[in-house]
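Listed here are the chains, written in short residue letters.
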Amino acid sequence: MSGLGLPPVPFRPVVDPGSAALLVRVCGDLDDAAGSELVDAVRAHLARTPRPRDVRLDFRALTGIDPLGLAALLMVRRHTSAAGATLHLDNRPAVLERMLHHTNVLEHLTAAVEAAPARTGPDARATGGAAGPD
């Protein structure tokens, strides 16, 4: 416990330099507050150079997850996918397995990342309006 009387952080991000993987141990309940912290931590690590190629969430010490915790996992997936990193959900306890199967998102969360196309060149789409004729 910190000197400020704050509860312990529910996860600890660790980068494995040998495998270029980010490992995050998720502990306790994954709810709105913990989920926001998880998303922020993963996003911060994905912004670093070099980026992790894999993000491994270790749920060995997870005790509960609510719908907002699941929403956080979906946001983590969005960020890992945008960064070209693969998300792994390791050591899933029964409570997480039930949530993932009940909501049918396990395959989406753990799907392989496809290489994102470059946003330059003649096939790039403009985001501010329609292109005129050639």
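Draft legend 1. Expanded view of helix 3 (residues 94-103). Listed as buried for helix 3 are Leu 96, Met 99 and Leu 100. Taken down its axis, helix 3 places every buried residue within 95° of arc, on the same side. Set apart from the buried face of helix 3 by more than 90 degrees, the exposed residues are Arg 98, His 101 and His 102. Next to the buried residues of helix 3 lie strand 3 (54-65), helix 2 (67-83), strand 4 (86-90) and helix 4 (106-110). Of the residues one or two after helix 3, Asn 104 is the one with positive phi, at around 60°.

Draft legend 2. Looking closely at the confidence of the model for the protein. Mean pLDDT over the protein: 80, with 72% of residues reaching 70 or higher. Within the protein, helix 2 carries the highest mean pLDDT (96), whereas strand 1 (residues 11-16) carries the lowest (67). Counting interchain partners and residues more than four positions distant, the pLDDT-below-50 stretch residues 1-9 has two contacts. Across residues 117-134, confidence stays below pLDDT 50; counting only partners more than four residues off in sequence or on other chains, it has one contact.

Draft legend 3. Structural view of the pairing of strand 3. Two elements, strand 2 (residues 21-30) and strand 3, share nine bridges in a ladder whose sense is parallel. Bridging across to strand 3, Leu 30 finds its partner in Ile 65. Direction of pairing for strand 3 relative to strand 4: parallel, over a ladder of five bridges. Following the sheet pairing, Val 55 is matched in strand 4 by Leu 87. With helix 2 bridging strand 3 and the parallel strand 4, this β-α-β connection has right-handed handedness.

Reading the values: rules and limits
- Residues numbered from 1 in each chain as written.
- Predicted model: local features only at pLDDT ≥ 70, side-chain atom pairs only at ≥ 80, totals over all residues.
- Heavy atoms only, no water.
- Buried < 20%, exposed > 50% of the residue type's maximum accessible area, 1.4 Å probe, protein only.
- Helix = DSSP H or I, 4+ residues; strand = E, 2+ residues; numbered from the N terminus.
- Arc of directions from axis to C-beta.
- Contact = heavy atoms within 4.5 Å.
- pLDDT = per-residue confidence, 0-100.
- Pairing = 2+ DSSP bridges.
- Right-handed = clockwise from strand over helix to strand, strands pointing away.

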